[in-house]
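Structure at a glance
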Amino acid sequence: MSTAPATPRAFRAFRALFTKIAKGSLLAVAGAGCAGGGYTPQFLAPSEDPFFYGHDSGAFLGPIEPIPDHDADGNAIRLPRGAASFADEVIEYRMGNPRPVEEGRNAEAALGPPDYQGGPVLEAPRAVSLGQGGSLTLRFADNALIDAEGPDLYIFESGPDVEASFVEISADGREWIQAGRAGGHVSAIDIASAAKPGQVYSYVRLTDDIAQGNRGGEWPGADIDAVGAVGAVVRVELSSEVLFAFDSDRLLPGGVSALDGVLDKIAGRSPSHVTVLGHTDNIGEDAYNLDLSRRRAESVAKLLEERGISRSILTATGHGEARPVADNGSPEGRRRNRRVEIVIVGGD
Ligand SMILES: [Ca+2]
Ligand SMILES: [Ca+2]
């Protein structure tokens, strides 16, 4: 990333451009001279309209006119879930050595849509620097990563220095699979050779390629602005307290309405697959928790079937306490872990 400050004039020009984009008055942004030009998240963030992103040799061109898909040269990116396509949670940030400057250490800057605009950090940082050899683990919460036709994952690496990172993916945050190397700037990764067929991945880990040396000055290592998943996957997590009575697999009336709410959200789509996953906290016996989570997933799947989702595209699985998303050491963490996850694939 650049450490040279942008001139006030250049910055004003950038700002005028982004205001136009934010108002939706400018759909096509031309200009290879606009290196580091960006995109303002207000543009599409409230909706789930497909997200299009133009780039040219890594220089962001901003949102472009919608086209049906990324073209043969990969010059435009289509993310069917719009702003929801991007990673939502930081799981772990391990700063490499040398470390980046203070303002490059905010790992949350890698969440949500790309918003790096070039120039100095004026307010909140818009990218996080990994530091040489450092790593960043992110989770997709309201979406997920699957292997579909073509590229499945986009890594938005920012700044004038092109810095590569290794990409690993995981379904549970514990077992990791090498998925490739993101060359820097906007990189596409096709997880086809790494992914198991039909598997849904929730975690991505990026590790700066230490072999490339320190090319980033005060921002050593890859500078991550955003990580987007291409697949049209909707993930909903419902609290077990809302769905079921204590220790029971029988749906409460409130649970039925919560599930009807989920069905309303996907009305009109024709998903290719719906997976229901039950999870518990770590209180009690493993085997008991596994069985309870399975029975609960099955109850939810049954209701979905009653509501018209074909059994042939439904899978119900329980993971017991094996896939926590929060620390079981606190009541709040345990409450988050007691959940049913519904993963709806396809039908964008
Ligand atoms: Ca997301
Ligand atoms: Ca693929």
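Summary of the structure given here. Quick caveat: nothing in here was measured; it's all calculated off a predicted structure. (Residues numbered from 1 in each chain as written. Chains lettered and ligands numbered in written order. Predicted model: local features only at pLDDT ≥ 70, side-chain atom pairs only at ≥ 80, totals over all residues. Heavy atoms only, no water.)

**What to know about the coordination of the calcium ion (ligand 1)**
For the calcium ion (ligand 1), the full set of protein donor atoms is Ala84 (O), Phe86 (O), Asp88 (OD), Asp88 (OD), Asp142 (OD) and Asn143 (OD1), and the range of their distances to it is 2.3 to 2.6 Å. The site at the calcium ion (ligand 1) holds six donor atoms, and with the angles between them running 52 to 172°, its shape is irregular. Of note, the calcium ion (ligand 1) draws all its donor residues from one chain, in the sequence arrangement A-x1-F-x1-D-x53-D-N. Placement of the pair is Asp88 in the loop between strand 3 (76–79) and strand 4 (89–94) and Asn143 in the loop between strand 6 (135–139) and strand 7 (153–157), with a sequence separation of 55 residues. (Donors = N, O, S within 2.8 Å, 3.2 Å for Na, K, Ca; no water. Tetrahedral: all angles 85-135°; square planar, octahedral: opposite > 155°, others 65-115°. Helix = DSSP H or I, 4+ residues; strand = E, 2+ residues; numbered from the N terminus.)

**Some thoughts on the coordination of the calcium ion (ligand 2)**
In this structure, Asp147 (OD), Ala148 (O), Gly150 (O), Asp152 (OD), Asp152 (OD) and Asp190 (OD) serve as the protein donors to the calcium ion (ligand 2), at separations of 2.3 to 2.6 Å. One can describe the site at the calcium ion (ligand 2) as irregular: its six donor atoms subtend angles covering 52 to 171° at the metal. Of note, the calcium ion (ligand 2) draws all its donor residues from one chain, in the sequence arrangement D-A-x1-G-x1-D-x37-D. The class of Ala148 is partly exposed, set by a relative accessible area of 35%. (Buried < 20%, exposed > 50% of the residue type's maximum accessible area, 1.4 Å probe, protein only.)

**Structural notes on the pattern of salt bridges**
Taken as a whole and assessed by the stated rule, the structure comprises 17 salt bridges. Here Arg94 ties to Glu92 by a salt bridge, and the two come within 3.0 Å at their closest N and O atoms. Residue class for Arg94 comes out exposed when judged on its relative accessible area of 52%. On the basis of relative accessibility, which here comes to 31%, the residue Glu92 falls in the partly exposed class. Across the pair Arg311 and Glu298 runs a salt bridge, and its minimum N-O distance is 3.0 Å. One end of the pair, Arg311, is in the loop between helix 4 (286–306) and strand 15 (314–318); the other, Glu298, is in helix 4, and 13 residues separate them in sequence. Connected through shared salt-bridge partners, Glu89, Arg139, Glu237, Arg336 and Arg339 make up one network. (Salt bridge = Lys/Arg side-chain N within 4 Å of Asp/Glu carboxyl O.)

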